[in-house]
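One-letter residues, chain by chain:
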Amino acid sequence: MTAPDPDGLLAEQLLRLTRRVHRIQKRHLERRELGITPAQSRLLRTLAHYGSPPRMADLAERLEVVPRAVTTLVDGLEAHGKVRRVPDPANRRVIRIELTDDGRAALRELRAVRRAAAEEILAPLGERERELLGELMNTLVDGPAAPPCAEGPAGPPAQGGPARPADA
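This structure is a prediction, so every number in the text was calculated from the model and none was measured.

A.B. asks: Explain the packing of helix H2 (residues 38–47) against helix H3 (residues 56–63) residue by residue, including any values.
C.D. replies: Viewed as axis vectors pointing N to C, H2 and H3 meet at an angle of 110 degrees, and their least axial separation amounts to 11 Å. One finds that H2 runs roughly perpendicular with respect to H3. Judged by the twist between their axes, the crossing of H2 over H3 is right-handed. Where H2 abuts H3, its residues Arg42, Leu43, Thr46 and Leu47 lie against Leu59, Arg62 and Leu63. Here the residues of the contact of H2 with H3 are counted per class, giving 4 nonpolar, 1 polar and 2 charged.

A.B. asks: So what about the environment of Asp102? Which residues, and what values?
C.D. replies: If you trace the backbone, Asp102 turns up in helix H5 (residues 101–122). In this structure the C-alpha to C-alpha distance between Asp102 and Gly81, which are 21 residues apart in sequence, comes to 6.4 Å. Apart from the residues within four sequence positions on either side, Asp102 is in contact with Gly81 and Lys82.

A.B. asks: Quick one: what's the story with the pattern of salt bridges, residue by residue and with numbers?
C.D. replies: Evaluation of the coordinates by the stated rule reveals 12 salt bridges. With a shortest N-O distance of 2.7 Å, Asp58 and Arg55 are connected by a salt bridge. A residue is classified by how much of its surface remains accessible, and Arg55, at 34% relative accessible area, is partly exposed. Close ionic contact of Asp101 with Arg104 constitutes a salt bridge, the shortest N to O distance being 2.8 Å. With Asp101 and Arg104 both in helix H5 and 3 residues apart, the pair spans about one turn of that helix. Residue classification places Asp101 among the exposed positions, given a relative accessible area of 58%.

A.B. asks: Residues and numbers for the nonpolar core, please.
C.D. replies: Leu43, Leu44, Val70, Val74, Val83 and Ile97 are the most contacted members of the largest nonpolar core, which has 21 residues in total. Looking at this core, the elements with two or more residues in it are H2, H3, helix H4 (67–79), strand S2 (95–99) and H5. Beyond its immediate stretch of four places on either side in the chain, Val70 contacts Leu43, Met56, Leu59, Ala60, Leu63 and Val65.

A.B. asks: So what's going on with the packing of H3 against H4? Residues and values would help.
C.D. replies: Between H3 and H4, the least distance of the axes is 8 Å, while the angle of their chain directions is 110 degrees. Between H3 and H4, the crossing angle belongs to the class labelled roughly perpendicular. Where H3 approaches H4, its residues Met56, Leu59, Ala60 and Leu63 are matched on the opposing element by Pro67, Val70, Thr71 and Val74. Among the residues forming the contact of H3 with H4, the class breakdown is 7 nonpolar, 1 polar and no charged.

A.B. asks: Please give an account of H3 that cites residues and values.
C.D. replies: Taken together, the buried positions of H3 are Met56, Asp58, Leu59, Ala60 and Leu63. In this structure, the buried side of H3 is in contact with H2, H4, strand S1 (83–87) and S2. Just past H3, the residue Glu64 takes up positive phi, approximately 60 degrees.

Parameters and conventions
- Residues numbered from 1 in each chain as written.
- Predicted model: local features only at pLDDT ≥ 70, side-chain atom pairs only at ≥ 80, totals over all residues.
- Heavy atoms only, no water.
- Axes fitted to C-alpha atoms, helices over the stretch in contact; angles between N-to-C directions.
- Helix = DSSP H or I, 4+ residues; strand = E, 2+ residues; numbered from the N terminus.
- Parallel < 35°, antiparallel > 145°, perpendicular 65-115°, else oblique.
- Left-handed = near helix turned anticlockwise from the far one by under 90°.
- Contact = heavy atoms within 4.5 Å.
- Nonpolar A, V, L, I, M, F, W, Y, C, P; charged D, E, K, R; others polar.
- Salt bridge = Lys/Arg side-chain N within 4 Å of Asp/Glu carboxyl O.
- Buried < 20%, exposed > 50% of the residue type's maximum accessible area, 1.4 Å probe, protein only.
- Core = buried A, V, L, I, M, F, W, Y, C linked by side-chain atoms within 4.5 Å.

Put into structure tokens, the structure is as follows:
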């Protein structure tokens, strides 16, 4: 008999945790009766990280979905007054998507939902365990730290597009 593959076990645990996080967030979303799906929630959070209204193509790229999926999400959010389509001032053929006041209010509610879901998930952990988990999660999300470059520090990060959201 061979020992279980620890990498396979960790991968399975990560997948199970991801599914659990999604289920709990969905349940908290439904309790708040916001009328927003998890996918719409993700679009709103992503939209909030842009300094100016992005194009649908920008959102599709950032969300890593096909543009048609963004159109469907925007249609639903626009119907509920959370976003609106606005013409690009430099090119009237280009449509940009911006948050409305209702959309910003929904984002505040969504943040509360995410905090409540996270608290439920993290409840079994003590303060030090949470800190350690946070450090480990940062390593997994950001990848290993790059080794120092012999030529000196790199220049500033590239500008353009949204900053990578911590909650996306």
